Amino acid sequence: MDIYRQIILDHYKHPRNFGHLDNPDAKTEEGNVTCGDRIVMEIAVTGGVVRDTRFSGEGCAISLAAASMLTEKVKGKRILDIMKMKTPDIINMIGSPLTPSRTKCAILPLEVLQKAVVSLKRNGK
Amino acid sequence: MQRKINGKPIIYLDSTATSLKPQPVIDKENEYYKRYTANIFRGIYTTSEEATREYEGVRVKVARFIRAPKTEEIIFTRNTSESINLVAYSLMPTFTKGDNVVVSIMEHHSNFVPWQQLGEEKGVKLKIWQVSPTGELNLNDLDKLITRTTKVLAVTAVSNVLGTIVPIREIVRKVKTLNPNCLVLVDAAQAVPHMRVDVTGWGADFVAFSSHKMLGPTGVGVLWGRYELLEAMKPFQYGGEMIREVRIEKTIFKDPPHKFEAGTPHIAGVIGFGAAIDYLTKLGMQRVKKHEEEIVGYAMKELEKIKGLTIYGPRKRAGVIAFTMKSAHAHDVAQILNEDNICVRSGNHCAMPLHVSMGIAATARASFYIYTTREDIDALVQGLEKVNTTFR
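These numbers were taken from a predicted model, which means no experiment stands behind them.

**Describing the domain arrangement of chain B**
Residue and element names in this part refer to chain B.
- Each domain of chain B was delimited in the assignment, giving domain 1 (4-21 + 285-386) and domain 2 (23-282).
- Distance between the C-alpha centres of domain 1 and domain 2: 27 Å.
- At the junction of the two partners, domain 1 supplies 27 residues and domain 2 supplies 30 residues.
- When contributions to the side of domain 1 that touches domain 2 are tallied by element, the ones reaching two or more residues are α10 (285-303), β14 (320-325), α12 (352-358) and β17 (363-367).

Spelled out as structure tokens, the structure:
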């Protein structure tokens, strides 16, 4: 199966939830230095549930599409469930076969999001 | 490498990372394992003598290949990185706070990080020699960079990203006029495989390169150094093979090169490397260079026709082209090319400071060698058109 399925290209060219929140409860930035990818995740949380989320940054089609899809997926989810998400969840979400090097691109947004959740807890939210 | 993946042949355009290996090299490396496996310098028995003779014979070949005045100036290491680390660590005791080291911004991490780390350890300043927008070094900059306290200038002979061919001979001459005590180390990993290198003509103090980028096995590197410098330097590693005499209270080391070759080396690899040098010698480095010039000229001309493609570096260059595409990130370019088994690199190619200075996160890179054909370039061009179609 082709990695660049229509849905991936669509999310890459028309990213959902791209931009910034007015008052994010947490904002985290992380990069994959060797690739030159950089993803920023922002979340707003009420009662342990993600009320809203935005992402920004730059990267390859896989990392940006994964970020876009992830923001859609986690809206309305409990942050506890976000912390439980793992690599296979992302691969399922992407729906394309990924080599080990591209898997790194795909899971970067989740890593950034989970770091945002951790920083949220640290700040007592 | 003549096999097919998904029914398609492999088009290898990543020779800057490592080269393919010809059959005589593979056979020669195997010959050691099949016919005279033995440790070197140890046995009186025939196979050990054979292995030693073959291993030391390669040292002679390397010395001749790069025109080193003395065979004893050739040290076998694991790779270029280890060769540079050897120099940095062995020289470390001679550095004092307030000294400085100059490196160019386009150095591979292997000729950047050892000096940066040495600086942190010893309070030595790392000064950067910037490149022009076309990726060239301006020799006039040396007037400011090289001072009385500059201990080392570490510079590449050919950029592994931009393909810039650096005028080493002129640089060394200028540096030695400004400060005769400043040592010059040349990273020749992208030079020795591709052009005739004459270390004496260059006038440098140290030259480092790797076997695996010049048709030889992986795991073998070379450091050439001026004999009197090597003689004065401390060993980099301690262990077997490098010892003349060990007493409880002290040890006397062998002379160079052996004092820098602690432990059993990659005997088979070094022996295979000898066959690689024979192969290149037979071809003639003049022909190797000419072929690459032809291929890179053709590739530049064809790549420039592709919409949204930007090439980095000077017009006159070695066989490497780093580029970006407007339509897609370097990773996606490499991924789409891989669908047709076209092997290119993507990322910062171990030259992150250069990429940061150019303000780009990642480039895709195609690089060429003696076996690269015009058909390979045509396949690359077709693949890049496919990138544009996919991401249109």
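**Some details on unusual backbone geometry**
Residues and elements named next belong to chain B.
- Following proline 256, the chain continues into proline 257 via a peptide bond in cis, with omega recorded as 5 degrees.
- Topologically, proline 257 is positioned in the loop between β12 (251-253) and α9 (267-283).
- The residue asparagine 6 is not glycine, and still its phi comes out positive at about 50 degrees.
- For asparagine 6, the location among the structural elements is in the loop between β1 (4-5) and β2 (8-9).

**Examining the nonpolar core**
Residues and elements named next belong to chain B.
- Counting 151 residues, the largest nonpolar core has Val186, Ala188, Phe206 and Val207 as the members making the most contacts within it.
- When residues are assigned to domains, this core turns out to be shared by domain 1 (4-21 + 285-386) and domain 2 (23-282), each giving three or more.
- Beyond its immediate stretch of four places on either side in the chain, valine 186 contacts Val155, Ala157, Ile168, Trp202, Ala204, Phe206 and Val207.

**A word on the interface of chain B and chain A**
- With 10 residues of chain B at the contact, the number on the chain A side is 11 residues.
- Taken together, the residues of the side of chain B that touches chain A sort by class into three nonpolar, six polar and one charged.

**Points about helix α13 (residues 374-390) of chain B**
Residue and element names in this part refer to chain B.
- The end-to-end C-alpha distance of α13 is 24 Å, a good match for the 24 Å that 17 residues give at a rise of 1.5 Å each.
- Restricting attention to buried positions, one finds in α13 the residues Ile377, Leu380, Gly383, Leu384 and Val387. All buried residues of α13 lie within an arc of 120 degrees about the axis, which places them on one face of the element. Away from its buried face by more than 90 degrees, α13 exposes Arg374, Glu375, Gln382 and Thr389.
- Buried residues belonging to α13 abut α10, β13 (309-312), β14, α11 (330-338), β15 (342-343) and β17.

**Looking at the sheet that holds strand β2 (residues 37-46) of chain A**
All names here are of chain A.
- Within the open sheet, the three strands sit side by side as β1-β2-β3. Their pairing is antiparallel. Where the open sheet ends on each side, the last strands, each with one partner, are β1 (26-32) and β3 (49-58). Going across the sheet, the axis of each strand differs from the next one's by a mean of 20 degrees, ignoring polarity.
- Looking at chain direction, β2 and β3 are connected through nine bridges and run antiparallel. Within β3, the residue paired with glutamate 42 across the bridge is arginine 54.
- Contacting β2 and β3, helix α2 (residues 61-74) runs over the sheet at an angle of about 170 degrees to β3.

**Overview of the pairing of strand β11 (residues 243-246) of chain B**
All names here are of chain B.
- Here β11 runs beside β12; their pairing, made up of three bridges, is antiparallel. Within β12, the residue paired with glutamate 245 across the bridge is isoleucine 252.
- Connecting β11 to the next strand, β12, in antiparallel fashion are four residues.

**Considering the pairing of strand β5 (residues 100-104) of chain B**
Residues and elements named next belong to chain B.
- The buried count for β5 comes to five of five residues, which makes it a mostly enclosed element.
- Judged by which residues are buried, β5 turns out to be covered on both faces: Asn100, Val102 and Ser104 on one side and Val101 and Val103 on the other are all buried.
- Here β5 runs beside strand β7 (residues 150-156); their pairing, made up of four bridges, is parallel. Looking across to β7, one finds that valine 102 is bridged to leucine 153.

**Looking at the sheet that holds strand β6 (residues 125-129) of chain B**
All names here are of chain B.
- Ordered by their spatial adjacency, seven strands build an open sheet running β4-β10-β9-β8-β7-β5-β6, and the pairing between neighbours is mixed. Single-partner strands in this sheet number two, and they are β4 (74-77) and β6. Adjacent strand axes in the sheet meet at a mean angle of 20 degrees when their direction is disregarded.
- Pairing between strand β9 (residues 206-210) and strand β10 (residues 221-225): five bridges, direction antiparallel. Directly across from phenylalanine 206, in β10, lies its bridge partner glycine 225.
- Along the sheet, helix α4 (residues 113-122) contacts β5, β6 and β7; its crossing angle with β6, the most-contacted strand, is approximately 150 degrees.

Procedures and definitions
- Residues numbered from 1 in each chain as written.
- Chains lettered and ligands numbered in written order.
- Predicted model: local features only at pLDDT ≥ 70, side-chain atom pairs only at ≥ 80, totals over all residues.
- Domains from an automatic or database assignment.
- Contact = placed C-beta atoms within 7 Å.
- Helix = DSSP H or I, 4+ residues; strand = E, 2+ residues; numbered from the N terminus.
- Core = buried A, V, L, I, M, F, W, Y, C linked by C-beta atoms within 7 Å.
- Buried ≥ 20, exposed ≤ 12 C-beta atoms within 10 Å, placed from the backbone.
- Nonpolar A, V, L, I, M, F, W, Y, C, P; charged D, E, K, R; others polar.
- Expected span 1.5 Å × (residues − 1).
- Arc of directions from axis to C-beta.
- Pairing = 2+ DSSP bridges.
- Axes fitted to C-alpha atoms, helices over the stretch in contact; angles between N-to-C directions.

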